[in-house]
Each structure stands twice: as structure tokens, then as C-alpha cells.
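# Secondary and tertiary structure notes
The primary structure of each chain is shown beneath.
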Amino acid sequence: MNFADILLAWFDENHRDLPWRGESDPYKIWVSEIILQQTRVVQGIAYYHNFLAHFPDIKTLANAAEDDVLKVWQGLGYYSRARNMHAAAQSIMENHNGKFPHNYQEIRKLKGIGDYTAAAIGSIAFNLPYPAVDGNVLRFISRHFGIFDNIALNSTRKKIEGICTKHLPPKHAGRYNQALMEMGAIQCTPHNPQCENCPFAESCYARQHLQVTVLPIKEQQIHIKDRFFNYLIYLYENQTIIQQRTGNDIWKGLFEFPLVETENDTFNIDDYLSKNGIATVEKPTLGFQKRHVLTHQNIHAKFWLIPLLKMPETGKSQQFVNLTQLKDFAVAKITQEAIGLLDC
Ligand code: SF4
């Protein structure tokens, strides 16, 4: 048996039973792929069902308000995924008559869809012969074929895509791609891969040359930025102020309390309030603080509770809300935690 035959036979016997397995509707495959980009499978399943319950098809998603889409996405993080899906659904309605495009180049043009996702949707829904190379595939192929190049580099990804394409059986592109990913996800795992019962144990370079713990090579130089957020929870007669995030930054479109971002951890709340002429009934207190880790930044957030004599004027994109209404707004996870601690 050749590489693809062994892989497909293994997949048929061993694949996990996931809700999107066997799905041929490109919309549902798209939803599952986008959710799984930054979310673990176990956590993603409930979100997948919930998203489809709210937005069962492209048209419903395209016609929804962005705030509603973000609200349904709440808790998954990386909200640009939801905003991009919403925009892409509108583009499908406008440019493709509401039908998901069948052609790789057209799928690739949709907002938020990169090489991997276009290949995954294209191959699974339409059997298009493009390799879907995610982190699981990079690891499995590096080990099996003895690739010692850094998998963080695009050139290595291209090399591995070339290997996957060479072995891709044209009639089974979708199953083949899913099998490659599943092999990396449950057999050729990052730690303690199941080499003893692996169908590739004899052909695997890493296994044969005792390089399983060495491969894949991954050297990443990511600059992690620290950011310091001070959220002002104004409290006056059961009301507070919230604002919507705009601009090209994290959590765009989500709501939050008025924010003062500082260069470092030093923030004097009393000075800030007196400089801005904001009179309090009691001294402000630090209600909640937490470090939130994102891919390229650490957010050090503090939430200040500020009981007021009167509400300050609202600025642009700010609004008064009753504390009990806070839960109706789409917010980042960390703000959701802070709201949960408010007595409302
Ligand atoms: S033998 Fe081990 S390292 Fe090689 S492909 Fe199988 S699980 Fe991965």
C-alpha cells in the first residue's frame, strides 16, 4: 500500500466522531474550520452547534447585525474571526448569488480565509485537490519524511504542502486532508506519539532514526508586547458607562468600560479622576485585576470601581447602561469576568 492508502485505511478505522465529520455543506465546514482555528475541539463543539442554531445558513449570517454575531461568538476570543465570517457571508450574497464558491481561488479571496482554510473547505466540500496543512500536518509530515527545516517558516510550509500534494489521491482529497490532520491530532501527537501502534512505524524517518522527540523543528521569534489597561467602572444609581471598541486593535466592535491604557503598571486613579473633574462619593477601589494572554500580547487589566456623585458626560461611542443590561452586550472574556463580579 502506498502512503495515501495506509493513511486513508487508518483514518476510516480511527477517526473521531465529530459533528462536522461527513459534512458536505461548505457553510458548515467553514464554520467548523474557523472555530477550530484558535479553539480546541472539545470546546469548539458547543460553539459550532450554537453558531449554526443562530445562523443556520449564509443568508442568515449575512443579514445579521455584527453585534449579534459577536455576541454569539462571545467566549471564543479572536473576534476578528467572527467579523471576517460576517463580511465574507455578505460578499457571498453579493458576488456569488448566496452560493459558496466552488473554486479554490474564489474561496481564498473571502475575508478571513487563508491557504489552509481554503484548501480544507475546498477539498472536504468539493474534493478540490489542495493540501490543507495545519500544525498537526506539519508535525506528522516532518517526522515521517524527516524534514529538519523550521516549521515556523513559510518556505517549510510550502515544502510540506508539496509533499502532501505529491501523495494526494485526486478522488479522495477531502478524506485525505482530514486523515492527515487527524493523524497529527490523535496519533502523531506533540508529546508521547503512539509510535508502537502507528501504521507508519516502519516507514517513519523519525521513528527509525530516533528523532521523534527532535522533530518537528520549531523556532519562533515572537515579540510579546505587554499592555496595561485600566477600566473605569463608573457607578451612579445602578448605571454605568460603556463604549464600543473601534480602530484596528484587539476586540474591535466589542463593548467595554471606559479605558485608560498606560505605558506601564503605574496608574493613579485618584489623580486621573481629579484631573478630569470627576467627583466620587467614596474612594475608588480596585474591583478586579487579571492578566489575559493573547497570541502576541499580554493584557494586564485592572477594573476600578468608582462610585460617583453624578455621571460624567459621555464621550463619542459611549453610552449609559443599567448594570443589569451589561450582560446583553458582546464583551471580551476578561470584561465578562469583571461584570460577573458586579452585584447586579
Ligand atoms: S511512528 Fe511515531 S513519529 Fe512516526 S508518524 Fe507514527 S506516531 Fe508519528
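Just so it is clear, the structure is predicted and the values come from calculations on it, not from any experiment.

The contact between helix α8 (residues 115-126) and helix α11 (residues 173-187) brings their axes to 6 Å, and the two run at 130 degrees. Judged by the inter-axis angle, α8 sits oblique to α11. For the pair α8 and α11, the sense of crossing is left-handed. Contacts between α8 and α11 involve A119, A120, S123 and I124 from the former and A173, G174, N177 and Q178 from the latter. Looking at side-chain class alone, the contact of α8 with α11 contains four nonpolar, four polar and no charged residues.

Neighbouring the ligand are 15 residues; C188, P193, C195, C198 and C204 lie closest to it. Every element with two or more residues in the shell around the ligand is listed here: α9 (135-145) and α12 (205-208). Among the elements that line the shell around the ligand, the one with the most residues is α9, at three residues. Counted by class, the shell around the ligand contains ten nonpolar, three polar and two charged residues.

On to unusual backbone geometry, then. For residues that are not glycine, phi is negative in most cases, and the peptide bond is trans in most cases. Look at the link from L215 to P216: it is a cis peptide, with omega at 0 degrees. Residue position: P216 is located in the loop between α12 and β1 (225-235). Here Y78, not a glycine, exhibits a phi torsion of approximately 45 degrees, which is positive. Looking at where Y78 falls in the secondary structure, it is placed in the loop between α5 (66-73) and α6 (80-95). Accessibility expressed as a C-beta count within 10 Å gives 15 for Y78, which makes it partly exposed.

All right, on to the pairing of β1 then. Pairing between β1 and strand β6 (residues 297-307): eleven bridges, direction parallel. Along β6, the bridge assignment pairs I233 with L305. Pairing of β1 with strand β4 (residues 259-262), which is carried by four bridges, proceeds in the antiparallel orientation. In the strand pairing of β4, Y231 is matched with L259.

It is worth spelling out the sheet that holds strand β3 (residues 255-256) at this point. The antiparallel open sheet is built from three strands, whose spatial order is β3-β2-β7. The sheet is open, and its two borders are formed by β3 and β7 (318-322), each paired with just one other strand. Of the pairings in the sheet, the one linking strand β2 (residues 239-244) to β3 comprises two bridges and is antiparallel in character. Paired with Q244 across the two strands is F255, which belongs to β3.

Before going further, it helps to spend a moment on the domain arrangement of the protein. When its domains are assigned, the protein resolves into domain 1 (3-208) and domain 2 (225-341). Centre-to-centre separation of domain 1 and domain 2, based on C-alpha positions: 37 Å. On the side of domain 2, seven residues touch domain 1, which itself brings nine residues to the contact. Here the element with the most residues in the side of domain 1 that touches domain 2 is α5; it accounts for four residues. Residues belonging to the side of domain 1 that touches domain 2 are distributed by class as follows: two nonpolar, three polar and four charged.

Next up on the list: the environment of K333. Inspection of the secondary structure assignment puts K333 in helix α14 (residues 333-341). Given 15 C-beta atoms within 10 Å, K333 falls into the partly exposed group. Separated by 257 residues in sequence, K333 and L76 have C-alpha atoms that sit 8.3 Å apart. Each residue touching K333, except ones within four places of it in the same chain, is listed here: G75 and G77.

On to the sheet that holds β6. Taken in spatial order, the four strands line up as β4-β1-β6-β5 in an open sheet, and their pairing is mixed. The sheet terminates laterally at β4 and β5 (285-293), the two strands that pair on one side only. Going across the sheet, the axis of each strand differs from the next one's by a mean of 20 degrees, ignoring polarity. Lying on the sheet, α14 is in contact with β1, β5 and β6; it crosses β5 at an angle near 150 degrees.

Taking 1.5 Å per residue, 14 residues should reach 20 Å; helix α3 (residues 41-54) reaches 20 Å between its end C-alpha atoms and fits that length. Every buried residue of α3 is accounted for by G44, Y48 and F51. Down the axis of α3, the buried side of the element spans an arc of 75 degrees, and every buried residue falls inside it. Turned more than 90 degrees away from the buried face of α3, the exposed residues are V42, Q43, A46, H49 and A53. The elements touched by buried residues of α3 are α2 (26-36) and α5.

Here we come to the nonpolar core. Among soluble globular proteins, nonpolar side chains are generally buried collectively. Residues I121, V137, L180, Y231, I233, L254 and I306 are the most contacted members of the largest nonpolar core, which totals 81 residues. Excluding residues that lie within four positions of it along the chain, V137 makes contacts with I160, C164, L180, M181 and G184. With five residues, the next largest nonpolar core counts C198, C204, A206 and L215 among its residues.

Cut-off values and rules
Residues numbered from 1 in each chain as written. Predicted model: local features only at pLDDT ≥ 70, side-chain atom pairs only at ≥ 80, totals over all residues. Axes fitted to C-alpha atoms, helices over the stretch in contact; angles between N-to-C directions. Helix = DSSP H or I, 4+ residues; strand = E, 2+ residues; numbered from the N terminus. Parallel < 35°, antiparallel > 145°, perpendicular 65-115°, else oblique. Left-handed = near helix turned anticlockwise from the far one by under 90°. Contact = placed C-beta atoms within 7 Å. Nonpolar A, V, L, I, M, F, W, Y, C, P; charged D, E, K, R; others polar. Near = placed C-beta within 6 Å. Buried ≥ 20, exposed ≤ 12 C-beta atoms within 10 Å, placed from the backbone. Pairing = 2+ DSSP bridges. Domains from an automatic or database assignment. Expected span 1.5 Å × (residues − 1). Arc of directions from axis to C-beta. Core = buried A, V, L, I, M, F, W, Y, C linked by C-beta atoms within 7 Å.

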